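What follows is the residue order along each chain.
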Amino acid sequence: MAKITFMTQGNIPVVVEGESGSVMALAVENNVAGIDGDCGGVCSCATCHVHVAQEQYALVGEASEIEKDMLELDDDANEYSRLCCQINITPALDGLVLTVAG
Ligand code: FES
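All figures in this text were calculated on a predicted structure; none of them were measured in a lab.

Account for the pairing of strand 5 (residues 96-100), with residues named and values stated.
Working note: regular strand, side chains alternate between the two faces of the sheet. Burial along strand 5 is one-sided: the residues Leu 96, Leu 98 and Val 100 are buried and none of Val 97 and Thr 99 is. Here 4 bridges tie strand 1 (residues 2-8) to strand 5, and the two strands are oriented parallel to one another. Across the sheet, residue Thr 5 finds its bridge partner in strand 5, namely Val 97.

As structure tokens, this is what we get:
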């Protein structure tokens, strides 16, 4: 079980909990504002873009090449950007804070 906090627009925290699956799916299930997951998680829409807190970036790790290519098209991308459909929920993510991009 991992408890993940999404910082949504206006800095409003939304705390969700999940066991498995992608972080994007968890966000969509819980109606986290700003995470749409339009492509269903196949890394082709960037509507699941989040910024990982710098000190927690190692927890989620680097984006894949395909993911980096997608992020390059997004003006809000920075070095701590991830597409959260590409992050699988594991107990190690407990306490993770993600800021919804855009
Ligand atoms: S849901 Fe489309 S890129 Fe993540």
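Give me the side chain of Thr 5: which residues, what numbers.
With respect to the helices, strands and loops of the structure, Thr 5 is situated in strand 1. Residues within four places of Thr 5 in sequence aside, it is in contact with Pro 13, Val 14, Val 15, Leu 96, Val 97 and Leu 98.

I'd like to hear about the packing of aromatic side chains, residue by residue, with values.
Applying the stated criterion across every chain yields a total of 1 aromatic pair. Look at Tyr 57 and Tyr 80: their rings are 5.6 Å apart centre to centre, the planes differ by 75°, and that puts the pair in the edge-to-face class. With Tyr 57 in helix 2 (residues 57-60) and Tyr 80 in the loop between helix 3 (65-72) and strand 4 (81-83), this pair connects stretches of sequence that are 23 residues apart.

So, the sheet that holds strand 3 (residues 49-52): which residues are in play, and what are the values?
Strands sit in the order 2-1-5-3-4 across an open sheet of 5 strands; the sheet is mixed. Unpaired on one side and paired on the other, strand 2 (12-18) and strand 4 mark the two borders of the sheet. Between one strand and the next, the sheet's axes are offset by a mean angle of 35°, whatever the strand orientation. In this fold helix 3 packs onto strand 3 and strand 4, with an angle of close to 110° to the strand it touches most, strand 4.

Conventions adopted
Sequence order as written defines residue numbering, which begins from 1 separately in each chain. The predicted origin of the model limits local features to residues at a pLDDT of at least 70 and limits the giving and counting of side-chain atom pairs to 80 or more, whereas totals for whole chains, interfaces and linings rest on all residues. Excluded from the side-chain calculation are hydrogens and water; included are all heavy atoms of the structure. Note on classification: 1.4 Å probe, protein chains only; a residue is buried when its accessible area is under 20% of the maximum for its type, exposed when over 50%, partly exposed between these limits. Strands here are runs of E lasting at least two residues and helices are runs of H or I lasting at least four, both read from the DSSP assignment and numbered beginning at the N terminus. If DSSP finds at least two bridges between two strands, the strands pair. Contacts are assigned to residue pairs with any non-hydrogen atoms lying within 4.5 Å of each other. Pairing of aromatic side chains requires ring centres within 6.5 Å, counting the rings of Phe and Tyr and the six-membered ring of Trp. Pairs whose planes differ by under 30 degrees are stacked, by over 60 edge-to-face, and all others tilted. Axis definition: a line fit to C-alpha positions, over the contact stretch in the case of helices; interaxial angles, taken between N-to-C directions, run 0 to 180 degrees.

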